[in-house]
Amino acid sequence: MKLLESKKIKLPHVYFVTNKAEIKDIPIGIPFIFGEPKSEKYLVRILEYEVLYQAAIDSGYPFNFKKILEDNGFIDLEDFSYTYGTAPVIEMSSEGWADYIEDPDFGMSLSEGGTQLKDYIKDSSCYVDINVLKNLNVFPIWLGEIEDAIHTNIHNFAVFNDNMYNKKLEGMYGGMEFTPPNRNLIIIDISGSIPKAVSSTCLALARNLSETFYADILITGSSSQLFTYEEVHTLDVENIYSMGMGNDQKFFKALVTAEERRYKTAIVFGDNDNPGYPWNTNTKISDEDGKKLCKWKINKLISFHTRDTTELAGYSRWFEPEEEERIDGWVKYLNK
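Quick caveat: nothing in here was measured; it's all calculated off a predicted structure.

Turning our attention to the overall build of the protein. Scanning the protein for helices and strands turns up nine helices and 15 strands. Here the protein holds 336 residues, and the buried ones make up 46% of them. Put simply, 66% of the contacts in the protein that link residues at least 6 apart link residues at least 24 apart. Here the protein displays about 17,500 Å² of accessible surface, and carbon together with sulfur accounts for 50% of that area.

Here is the structure:
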């Protein structure tokens, strides 16, 4: 356990915990983030951006965020000309897909497997507003007093069972019993059309989201991989882009049709890319048909679309939630 510190600017007091057993040693009310040791540098970068951006916003004056970053020692920034929605140029051949061709606006060739996460996090062409995420109360940094959290958990997961045997009264007079909390789901799209700063921020916080939100995590790119809550510790954030940055249908379809799963809430980060929108129109599946195939049941859907709220994030469109919420303003483009 240690404080997250920056050599460039002063960060708020946030503890970085790599051992679950140490969480109990953190003073009440002190924010913390849980993750692997190698995630520290990425989390520090996120906090550095957060502090500088919020300070600029609080000033009330117009500002050039790239200039602010450079003035504070961030001289290794990538090209600021990234345009969301710009895809790599792709050529077709009679045999099928040809190689991805590098697009200058995109800054990389997908056929080369992309760059490391440390390079993605340097992309400052857009900014993920952490305040929007924290208002959902899914991070321990914003849990508040531990007593309040315990109080909430008891009321959420303790029920009175009329048929329970009471040892003291020696009869079936009922008693309190704990029920397992409802599991949640987080879907993060890392396809090439997602701004690098968005997907890398979500990935850097993925484990923390799962731990505090009791959630399974589904990462989708060229393929889709589900990490259940019990398996999230195996998620290698630094190498996750090796799965490719395309638009998957096959693996996502296999997951959601294999067995029934029930989730209280699903938080989906993405854009218009969806499992029914493959490049090959012969295998295209409509949203209506996708809903018929999908066996995953969602009570509430929270859609984080990277551009607007007129449509749902693509990989949430096969679900039929009882309640739906669309979050706006969580991605701010700074190359103006």
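Anyway, onward from the coordinates.
Burial analysis of strand S12 (residues 261–270) places seven of its 10 residues in the buried class, the great majority of the element. Note that strand S9 (residues 184–189) and S12 share four bridges and pair parallel. Note on S12: the bridge partner recorded for Leu185 is Ala266. Alignment of S12 against strand S13 (residues 296–305), held across nine bridges, turns out to be parallel. Across the sheet, the residue bridging to Tyr263 is Ile298, located in S13.

Looking now at unusual backbone geometry. At Tyr214, a residue that is not glycine, the phi angle is positive and equals roughly 45°. With respect to the element layout, Tyr214 can be found in the loop between helix H7 (206–213) and strand S10 (215–220). For Tyr214, a relative accessible area of 24% corresponds to the partly exposed category.

Once that is clear, we can look at the packing of aromatic side chains. Under the criterion given, the structure shown has 14 aromatic pairs. With a centroid separation of 4.0 Å and 25° between ring planes, the pair formed by Tyr53 and Tyr127 is classed as stacked. Linking Tyr53 in helix H1 (residues 40–59) with Tyr127 in strand S6 (residues 126–128), this pair joins segments that are 74 residues apart in sequence. Arranged with centres 6.5 Å apart and planes meeting at 10°, the rings of Trp296 and Phe319 form a pair that is stacked. Residue Trp296 is located in strand S13, and its partner Phe319 is located in the loop between S13 and strand S14 (323–327); the two are separated by 23 residues in the primary sequence. In terms of burial, Trp296 and Phe319 fall into one category: buried. Three or more aromatic residues joined by ring pairs form one cluster here, namely Tyr49, Tyr53, Phe63, Phe65, Phe74 and Tyr127.

Mapped onto the fold, His305 is located in strand S13. His305 sits in the buried class, given a relative accessible area of 3%. Side-chain polar atoms of His305 contact the backbone nitrogen of Arg307, separated by 3.1 Å.

In spatial order, the strands read S1-S2-S3; together these three strands make up an open sheet with mixed pairing. Of all strands in the sheet, those bounded by a partner on one side alone are strand S1 (2–3) and strand S3 (32–34). Strand direction decides the pairing type here: strand S2 (residues 15–17) and S3, joined by three bridges, are parallel. Within the sheet, the bridge partner assigned to Tyr15 lies in S3 and is Phe32.

A word on the pattern of salt bridges. Once their charged atoms are close, side chains differing in charge can pair, the charge on each being opposite to the other. On inspection of all chains with the given rule, the structure shows 14 salt bridges. In this structure, the salt-bridge partner of Glu48 is Arg45, at a minimum N-O distance of 3.6 Å. Here the residue Glu48 and the residue Arg45 both occupy positions in helix H1, the gap between them amounting to three residues, near one helical turn. The pair Glu48 / Arg45 is uniform in exposure class, with both members buried. Taken together, the shared-partner salt bridges in this structure form one network comprising Arg183, Asp216, Glu230, Glu259 and Arg261.

Ranked by internal contacts, the top residues of the largest apolar core, which has 57 residues, are Ile188, Ile219, Phe269, Phe304 and Trp330. For this core, the element with the most residues is H1, which contributes eight residues. The next biggest cluster of nonpolar side chains, apart from the first, holds 19 residues, and it includes Leu226, Phe252, Val256 and Ile285.

So, about the sheet that holds S9. With respect to topology, six strands assemble into an open sheet ordered S11-S10-S9-S12-S13-S14, the strand pairing being mixed. Both outer strands of the open sheet, strand S11 (224–227) and S14, are each paired with one neighbouring strand and no more. Strand-to-strand twist of the sheet, defined as the mean angle between neighbouring strand axes without regard to direction, takes the value 20°.

So, how was this worked out
Residues numbered from 1 in each chain as written. Predicted model: local features only at pLDDT ≥ 70, side-chain atom pairs only at ≥ 80, totals over all residues. Heavy atoms only, no water. Helix = DSSP H or I, 4+ residues; strand = E, 2+ residues; numbered from the N terminus. Buried < 20%, exposed > 50% of the residue type's maximum accessible area, 1.4 Å probe, protein only. Contact = heavy atoms within 4.5 Å. Areas by Shrake-Rupley, 256 points an atom, 1.4 Å probe, with all protein chains shown as cover. Pairing = 2+ DSSP bridges. Phe/Tyr/Trp six-rings, centres within 6.5 Å; stacked < 30°, edge-to-face > 60°. Polar contact = N/O pair within 3.5 Å; in protein donor to acceptor, adjacent residues only side chain to side chain. Salt bridge = Lys/Arg side-chain N within 4 Å of Asp/Glu carboxyl O. Core = buried A, V, L, I, M, F, W, Y, C linked by side-chain atoms within 4.5 Å. Axes fitted to C-alpha atoms, helices over the stretch in contact; angles between N-to-C directions.

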